Amino acid sequence: MLCSTVKSWNPARVLAVGGLALVFAVRFLQSSALAETNSQLQFTLPPLDSPAEKTGQISLHGRHARWQLQLTETSADGDQRDATRDVRYQVQPPSIAKVDESGFVAPLANGIAHITATLEGQAQATIQLQVTGLDTTQTVNFPNQIIPIFTKLGCNGGGCHGKAAGQAGFKLSLLGFEPREDYEHLVNESRGRRLFPAAADKSLLLQKAINVAPHGGGQRLEVDSHEYRVLHQWIAAGMPYGSDSDPVVTKIEVLPRQRKLARQQLQQLSVIAHYSDGTLQDITRTTQYESNNTDLATVTERGLVTLGNQSGDAAVMARYQGQVAVFRASIPLGVHVAELPETRNLVDELVFAKLKTLGIPPSALCDDSTYLRRVTLDLCGRLPTIRETQDFLSSSSESKFEDTVDRLLTSTDHAEYFAKKWSTILRNRRAAAGHQLGTFVFHDWLRSSFHENKPYDQLVRELLTASGSVETNPPVAWLREVSNTESRTEDAAQLFLGQRIQCARCHHHPFEKWSQTDYFQLAGFFSKIS
């Protein structure tokens, strides 16, 4: 029921309904705090059931492994803030690994060490680190390690070599979605002039990236950077592609997933890749980030989120090899919410909890006549009649709000109003001579469907699988307007899946989870039923 939600009309509440996010618990390692401050400093560990969570330590395997530490200070009243860049790090023994001021860990030698973080004499936290595999040479995998570097540096973006025609005679697939083709272009094209295994540092690929050779994209790498060393090792090893049996990324996870932060605070993110063999890898420095609202939050290429001076909900998308994860930040307005309206349903519970989190006081309840006008306009597209108004205002029933909603939902006016809405959405119009009958019977079918409260999945199924003539099966009128496989595929995806899938007909879209494979599988379905 939407009775109390309509009765207390507040744009912030309406926005909150669409933007609700699940709140995930994050597990932390042991931490200690000085008694006089009552604050706690804690290391964030990877997700539940991961090797790190089970063993209480982080592990680095191989010379290319890295790890972004993340620390949270929790005050006595439960408020949390990111302290990753405010602590002093100490590694014991120091020969095992090094940690920079941003909490980024790089291995130096095999062994076990303990990393201690100290916050201005107030609190300490310690975590165990295990380093292995530095005495062996790991083969660099082209799809898993080289392609992400190109994506991070923008080499395979639409504005550079990733566009359809490529750039300066060199072409890559958009965002590396076709690694086999990228490998061929890079290694074998132009008689192999881009790579020189005998003297890897003289390779044209690296010379242009560090801007020693003329490069239209300017300098993209530093000689002493981790990315340069990975590329150099790959070239020196003979540019292996990798085996089909090598593990692949199955999902990525951003930590923390959600947090309530004050305005102008900082939050360091860490991103963990899950591989098909069960291993984890920190990919914070090779992940692409994008904020959904730069007025609320900006993010650097190293995953440092900086909040603005506004309140609201911000989201930062992390993208890596076609996998996506999202960090959400709630930035309270700061107003104390002392009283909330009566909770009538689950939607109210969630909305009021969100308003309390954001520190946004709800609007006062409207009077009964205003409520009746709003709910009648929303459900039936008309104003209440004089008789309806008199009956509602004179009623003393405790359930009169719910009863009014039920009455309107079962009315002919509601069915007529929503049939008109869906007629527009489904292109029910007389686009050609002879379509008049189909237009009317399709509208009648929609109106009857809403009047009998036909389940949504049944309505969609009858639309997508309609066959025969419009006189005997009115939903055929929609298929008449989308007369080819492509338009049916794209209309169905946008109307019923909430996705603009049309971009996937030509390429993998960087901001959608739908791939070209998904597009043509859906198109194959429509080609069978058309």
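The structure under discussion appears in the preceding block.
Presented here is a report on the structure given in the accompanying data block. On a predicted model such as this, the values are computed, not experimentally measured, just so you know.

### As for the overall build of the protein chain
Helix and strand counts for the protein chain come out as 17 helices and 21 strands. Taking all 530 residues of the protein chain together, the buried fraction comes to 46%. Considering only residue pairs separated by 6 or more positions, the protein chain has 58% of its internal contacts joining residues 24 or more positions apart. Total accessible area on the protein chain is roughly 26800 Å²; 51% of this is exposed by carbon and sulfur atoms.

### Notes on the sheet that holds strand 20 (residues 312-320)
Adjacent strands of a sheet form backbone hydrogen bonds with each other and so pair up, either parallel or antiparallel. What the 4 strands build is an open sheet, ordered 13-21-20-17; its pairing is mixed. Strands at the two margins of the open sheet, each flanked by one partner only, are strand 13 (258-260) and strand 17 (288-291). For this sheet, the mean inter-axis angle between neighbouring strands, taken without regard to orientation, is 20°. One ladder, built from 4 bridges, connects strand 17 with strand 20; its direction is antiparallel. The residue bridging Gln 288 from the neighbouring strand is Arg 319, located in strand 20.

### Section: the environment of Thr 287
In this fold, Thr 287 is placed in the loop between strand 16 (280-282) and strand 17. Its relative accessible area of 0% is what places Thr 287 among the buried residues. C-alpha of Thr 287 to C-alpha of Arg 302: the two residues are 15 residues apart in sequence and 8.0 Å apart in space. The contacts of Thr 287, once residues within four sequence positions are left out, are Lys 152, Val 271, Glu 301, Ala 318, Arg 319 and Tyr 320.

### Considerations on the pattern of salt bridges
The tally for this structure, following the rule as stated, stands at 17 salt bridges. A salt bridge links Asp 244 to Arg 180, with the nearest nitrogen and oxygen atoms 3.1 Å apart. Remark: Arg 180 occurs in helix 5 (residues 179-188) and Asp 244 occurs in the loop between helix 7 (226-236) and strand 12 (249-255); sequence separation between them is 64 residues. Given the relative accessible area of 70%, Asp 244 is considered exposed. Since its relative accessible area comes to 46%, Arg 180 is described here as partly exposed. Taken together, the shared-partner salt bridges connect Arg 382, Glu 388, Arg 407 and Asp 413 into one network.

### So, helix 16 (residues 485-496)
Note on helix geometry: an α-helix contains 3.6 residues per turn, so any two residues three or four positions apart are oriented the same way. In this model helix 16 runs 16 Å from its N-terminal to its C-terminal C-alpha over 12 residues, within 8% of the 16 Å that 1.5 Å per residue would give. Inspection of helix 16 places Ser 487, Arg 488, Thr 489, Glu 490, Asp 491, Ala 492, Ala 493 and Phe 496 among the buried residues, and these make up the whole buried set.

### Digging into the pairing of strand 15 (residues 270-275)
The buried fraction of strand 15 amounts to 6 of the 6 residues, a majority that puts the element mostly inside the structure. The alternating pattern of strand 15 places Ser 270, Ile 272 and His 274 and Val 271, Ala 273 and Tyr 275 on opposite faces, both of which are buried. Two elements, strand 12 and strand 15, share 6 bridges in a ladder whose sense is antiparallel. Across the sheet, Lys 251 pairs through a bridge with His 274, a residue of strand 15. Relative to strand 16, strand 15 runs antiparallel, the two being bridged by 3 bridges. When the sheet's bridge partners are listed, Ile 272 is paired in strand 16 with Asp 282. Count of turn residues in the strand 15/strand 16 antiparallel hairpin: 4 residues, of which Gly 278 carries a positive phi of about 90°.

Scoring rules and cut-offs
- Residues numbered from 1 in each chain as written.
- Predicted model: local features only at pLDDT ≥ 70, side-chain atom pairs only at ≥ 80, totals over all residues.
- Heavy atoms only, no water.
- Helix = DSSP H or I, 4+ residues; strand = E, 2+ residues; numbered from the N terminus.
- Buried < 20%, exposed > 50% of the residue type's maximum accessible area, 1.4 Å probe, protein only.
- Contact = heavy atoms within 4.5 Å.
- Areas by Shrake-Rupley, 256 points an atom, 1.4 Å probe, with all protein chains shown as cover.
- Pairing = 2+ DSSP bridges.
- Axes fitted to C-alpha atoms, helices over the stretch in contact; angles between N-to-C directions.
- Salt bridge = Lys/Arg side-chain N within 4 Å of Asp/Glu carboxyl O.
- Expected span 1.5 Å × (residues − 1).

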